[in-house]
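Chain by chain, the residues run as shown.
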Amino acid sequence: FLNMLSLRELDLSFNRIASAGAGHLSESILRNSRKLAHLSLNCNSLGMLGIEYICKSVRELPELTSLQLDKNGIRDRGAVGLIDVLPCCTALTLLSTAGNFITVTAEKTLTDAISIINLDRASEKEKEGGGFCTGSRCIGRVGGEHPPLVWRNSVGGSFVRTALVPSAAVPSPNLRY
């Protein structure tokens, strides 16, 4: 018997879960796995309804750092639906949606939302005691590192999109090395 409360990683890639399976997954495993840090659901044909189920559950996973949703038939509406979930996922550092059907318009919307989230994270880091963002991590007096959310979205097979905080976004006179 698997103790769902202590589950840290779940990789169900290539399992043909589809939207109905995503509903069951959402109701059972994800809602009872509050310690889950890595969730990979690549290549499962989740579609619009499936991604809605997953989004509802992801809101309740406070320790989730990695969410991989590559090649699931996600379209613009599903991608934009992720925007509502991202502010709840304060530990999330990697979102991957490669190989879906996300248009340039939805891609821009998601990129803008992730940039705002990263600026908010950097601002919170500054309030905690100072720091600066290098683009790959935030460094300061309190807490050490506060990594930004990175979004990977492959378009045409080789394009990787990341949304990071620019280095000048959060200036700080109080640096420690």
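Residues numbered from 1 in each chain as written. Predicted model: local features only at pLDDT ≥ 70, side-chain atom pairs only at ≥ 80, totals over all residues. Heavy atoms only, no water.

(A) Region of the structure containing the overall build of the chain. Helices and strands together make up the secondary structure of the chain, namely four helices and seven strands. Helices and strands appear in the chain in the N-to-C order β-α-β-α-β-α-β-α-β-β-β. Considering only intrachain contacts with a sequence separation of at least 6, the fraction spanning at least 24 residues in the chain is 78%. (Helix = DSSP H or I, 4+ residues; strand = E, 2+ residues; numbered from the N terminus. Contact = heavy atoms within 4.5 Å.)

(B) Spotlight on the sheet that holds strand β2 (residues 38-40). Spatial strand order, β1-β2-β3-β4-β7: five strands in an open sheet with parallel pairing. At either end of the open sheet lies a strand with only one pairing partner, and these are β1 (9-11) and β7 (150-152). Averaged over neighbouring strand pairs, the angle between their axes works out to 5° when direction is ignored. Two strands pair when backbone bridges link them, and β2 and strand β3 (residues 66-68) are joined in this way by three bridges, in the parallel orientation. (Pairing = 2+ DSSP bridges. Axes fitted to C-alpha atoms, helices over the stretch in contact; angles between N-to-C directions.)

(C) Summary view of the side chain of D70. Mapped onto the elements of the fold, D70 is located in the loop between β3 and α3 (76-85). It turns out D70 is buried and unbridged, and the closest side chain with the opposite charge, R152, is 5.0 Å from it. Filtering out sequence-adjacent residues up to four positions away, D70 remains in contact with L41, N42, C43, S96, T97, A98 and N100. (Buried < 20%, exposed > 50% of the residue type's maximum accessible area, 1.4 Å probe, protein only. Lys, Arg positive; Asp, Glu negative; His and termini not counted. Salt bridge = Lys/Arg side-chain N within 4 Å of Asp/Glu carboxyl O.)

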